[in-house]
Amino acid sequence: WWKAVEPAPKDPILGVTEAFLADTDPNKVNVGVGAYRDDQGKPVVLQSVREAERRILGKENMEYLPMGGSVKMVEESIKLAYGENADVLKDKRVAAVQALSGTGACRLFAEFQKRFRPESQIYIPVPTWANHHNIWRDANVPQRTFHYYHPETRGLDFASLMDDVKNAPNGSFFLLHACAHNPTGVDPTEEQWKEISYQFKVKNHYPFFDMAYQGFASGDTDRDAKAIRIFLEDGHQIACAQSFAKNMGLYGQRVGCLSVICDDAKQAVAVKSQLQQIARPMYSNPPVHGALLVYSILSDPDLKALWHKEVKVMADRIIGMREALRGNLENLGSPLSWNHVTDQIGMFCYSGMTPEQVDRLTSEFHIYLTRNGRISMAGVTTGNVEYLANAIHEVTKS
Ligand code: LMR
């Protein structure tokens, strides 16, 4: 039956974790996957999550959630994205469902887009998170790209981005990273977001925001939602994928949210029912436990305050590691500029290393990262930063 089946290519991100786990070298370092580690390199369960778990323990039942997931969790989730007092919430214009983290939210949206805008395409930034391509491919939505990153400046290629926005056919769908762009760590400034939003209005483009890292860019969840709030103020009907993998450390719980802003409450009911119908044959309904954790944290002022503090601690540790990595590289006398290590934000540093240099890091130094040169700063610690800097210096100096 399956003679013709060839092994699938390794996933460019999760394949790195597999290779890391298989390595027995004691000095091995994993700066591949975007998963937060403490300064001992250990995965972290947030105190707010532990406390939420304690409160839930013994009280939760194991019944099915509705197809659209936990209504209470979803309500809290969209408040976090759009702001407590957002008009779209008061007007009940948001169709929102619980999703299987950010990936699941993107996937639901891509299916929805295909079903109700079958002729549409999606414009995706270059570069982007590798899985975006898979998600829209599997939903059979044709993909186009738009300029985003400037390899020479290691910053935003704003002029080319704006040209692409202007030149795309009116009414095009665009995928935007709300904050802490993955993989580049480069975000538009507030002023630039305003210009992008304005141009989207002129062109009647559709903004789909992937917000996987709310809180990780600045340590402040409101500030990190700025792009979304600007688009809201300008009256765009946006859609947004939210993930609680990173900012609550709920990676394996697969909890997130997809929201789609509609004309009015009636349309929101219709859109939500269709999103549920897309979920039903795929996975029927989403898991309970993570949703309960998220709801418990976001609905309790004390737990929420603790969580905000913890997000800031994670973001600050990463900023500290950026400084340490850059400092170490400069102390080693690297002839290259490493300003971008501290200029870029969020979980990732888009180092500018070539695939060949990355291969050397892995084969000679047991350092694991994606071949596009992305370093997950969340995997850098005071214990390995010197080793990492040394190795980067060795492979980049000539
Ligand atoms: C990453 O980019 O490393 C994360 O979003 C994890 C993933 O699923 O790829």
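Residues numbered from 1 in each chain as written. Predicted model: local features only at pLDDT ≥ 70, side-chain atom pairs only at ≥ 80, totals over all residues.

Identification of the protein chain as Aspartate aminotransferase from Picea sitchensis is taken from an unreviewed UniProt entry. Taken verbatim from the UniProt record of the protein chain, the Catalytic activity (unreviewed entry) comment is "L-aspartate + 2-oxoglutarate = oxaloacetate + L-glutamate". (UniProt positions renumbered as here; feature names shortened; annotations may be inferred.)

Colleague: Is there a simple way to explain the sheet that holds strand β2 (residues 94–99) in this structure?
Modeller: Paired through backbone hydrogen bonds, the strands of a sheet run either parallel or antiparallel to each other. Pairing in this open sheet of seven strands is mixed, and the strands run β2-β10-β9-β8-β7-β3-β4 from one edge to the other. In this open sheet, the two strands that pair with only one neighbour each are β2 and β4 (143–147). Shown here is a sheet whose adjacent strand axes are inclined to one another by a mean of 25°, direction ignored. Bridge count for strand β8 (residues 206–211) against strand β9 (residues 239–243) is four bridges, and the pairing is parallel. Looking at β9, one finds that F209 is bridged to C240. Its contacts with the sheet put helix α11 (residues 265–283) on β2 and β10 (256–261), and the angle it makes with β2 is roughly 20°. (Pairing = 2+ DSSP bridges. Helix = DSSP H or I, 4+ residues; strand = E, 2+ residues; numbered from the N terminus. Axes fitted to C-alpha atoms, helices over the stretch in contact; angles between N-to-C directions. Contact = placed C-beta atoms within 7 Å.)

Colleague: Hey, could you run me through the site of the ligand in this one?
Modeller: Around the ligand sit I13, V33, G34, W129, N131 and N182, and that is every residue in its neighbourhood. In terms of residue class, the shell around the ligand is made up of three nonpolar, three polar and no charged. (Near = placed C-beta within 6 Å. Nonpolar A, V, L, I, M, F, W, Y, C, P; charged D, E, K, R; others polar.)

Colleague: Please explain the packing of helix α2 (residues 47–56) against helix α13 (residues 301–331) as it appears in this structure.
Modeller: Helix packing geometry: the angle between the two helix axes and the distance between the axes. Contact pair α2 / α13: the axes reach a minimum separation of 8 Å and the direction vectors enclose 150°. As summarised for this structure, α2 and α13 are arranged roughly antiparallel, according to the angle between their axes. Here α2 contributes Q47, S48, E51 and A52 to the contact with α13, which in turn contributes L303, L306, W307 and E310. Within the contact of α2 with α13, the residues separate by chemical class into four nonpolar, two polar and two charged. (Parallel < 35°, antiparallel > 145°, perpendicular 65-115°, else oblique.)

Colleague: Could you clarify how one ought to interpret the pairing of β4 in this entry?
Modeller: Where strand β3 (residues 122–126) lies against β4, five bridges are found, and the strand directions are parallel. Counterpart to P125 in the pairing with β4 is F146. Of the crossover connections in this fold, the one passing from β3 over helix α6 (residues 130–138) to the parallel β4 is right-handed. (Right-handed = clockwise from strand over helix to strand, strands pointing away.)

Colleague: I keep staring at the UniProt feature "domain: Aminotransferase class I/classII large" (unreviewed entry) in the protein chain and nothing clicks. Help me out?
Modeller: Look at the UniProt record and you will see "domain: Aminotransferase class I/classII large" (unreviewed entry) annotated at residues 27–392. The span residues 27–392 is 47% helix and 14% strand, and its two end C-alpha atoms sit 15 Å from each other.

Colleague: Sorry if this is basic, but what is going on with the domain arrangement of the protein chain here?
Modeller: When the parts of a complex come together, some accessible area is lost, and that lost area is often used as the size of the interface. When the domains of the protein chain are assigned, the result is domain 1 (14–44 + 315–396) and domain 2 (65–299). Inter-centroid distance (C-alpha atoms) of domain 1 to domain 2 is 28 Å. Contact residues are listed per partner, giving 17 residues for domain 1 and 20 residues for domain 2. Elements supplying a minimum of two residues to the side of domain 1 that touches domain 2: α13 and β11 (348–350). The leading source of residues in the side of domain 1 that touches domain 2 is β11, at three residues. (Domains from an automatic or database assignment.)

Colleague: Mind showing me how you'd approach helix α8 (residues 190–203) here?
Modeller: Think of an α-helix as turning once every 3.6 residues; residues three or four places apart then point the same way. In this model, α8 (14 residues) spans 20 Å end to end at C-alpha, consistent with the 20 Å of a helix rising 1.5 Å per residue. Buried positions along α8 lie against α7 (158–167), β8 and α10 (226–233). Trailing α8 by a residue or two, N204 shows a phi angle of about 55°, which is positive. (Expected span 1.5 Å × (residues − 1).)

Colleague: Would you mind going over the packing of helix α3 (residues 71–82) against helix α12 (residues 289–299) with me for this structure?
Modeller: Between α3 and α12, the least distance of the axes is 9 Å, while the angle of their chain directions is 55°. Comparing their axes, α12 and α3 come out oblique. The crossing of α3 and α12 is left-handed. From α3, K72, M73, E76, S77 and L80 reach across to α12, where they touch A291, V294, Y295, L298 and S299. Across the contact of α3 with α12, the residue classes break down as six nonpolar, two polar and two charged. (Left-handed = near helix turned anticlockwise from the far one by under 90°.)

Colleague: Sorry if this is basic, but what is going on with unusual backbone geometry here?
Modeller: Peptide bonds are mostly trans, and most non-glycine residues show a negative phi. For the bond running from V126 to P127, omega is 0°, close enough to zero to count as cis. By secondary structure assignment, the location of P127 is in the loop between β3 and α6. Residue N182 is joined to P183 through a cis peptide bond whose omega torsion reads 20°. In the Ramachandran plot, R154 falls in the positive-phi region, its phi being about 55° despite a non-glycine side chain. Its place among the elements puts R154 in the loop between β5 (149–150) and β6 (155–156). On the neighbour-count criterion, R154 (21 C-beta atoms within 10 Å) is buried. Within the chain, S284 stands out as a residue other than glycine whose phi angle is a positive 70°. Within the secondary structure, S284 is located in the loop between α11 and α12. What makes S284 exposed here is the crowd of 10 C-beta atoms within 10 Å. (Buried ≥ 20, exposed ≤ 12 C-beta atoms within 10 Å, placed from the backbone.)

Colleague: Is there a simple way to think about the nonpolar core in this case?
Modeller: Considering soluble globular proteins, one finds that nonpolar side chains tend to be buried as a cluster. F109, I228, L258 and V294 are the most contacted members of the largest nonpolar core, which has 119 residues in total. A per-element tally of this core places α13 first, with nine residues. If you count residues domain by domain, this core takes at least three from each of domain 1 (14–44 + 315–396) and domain 2 (65–299). Setting aside residues up to four positions removed in sequence, I228 forms contacts with A81, Y82, A178, F209, M211, I238 and C240. (Core = buried A, V, L, I, M, F, W, Y, C linked by C-beta atoms within 7 Å.)

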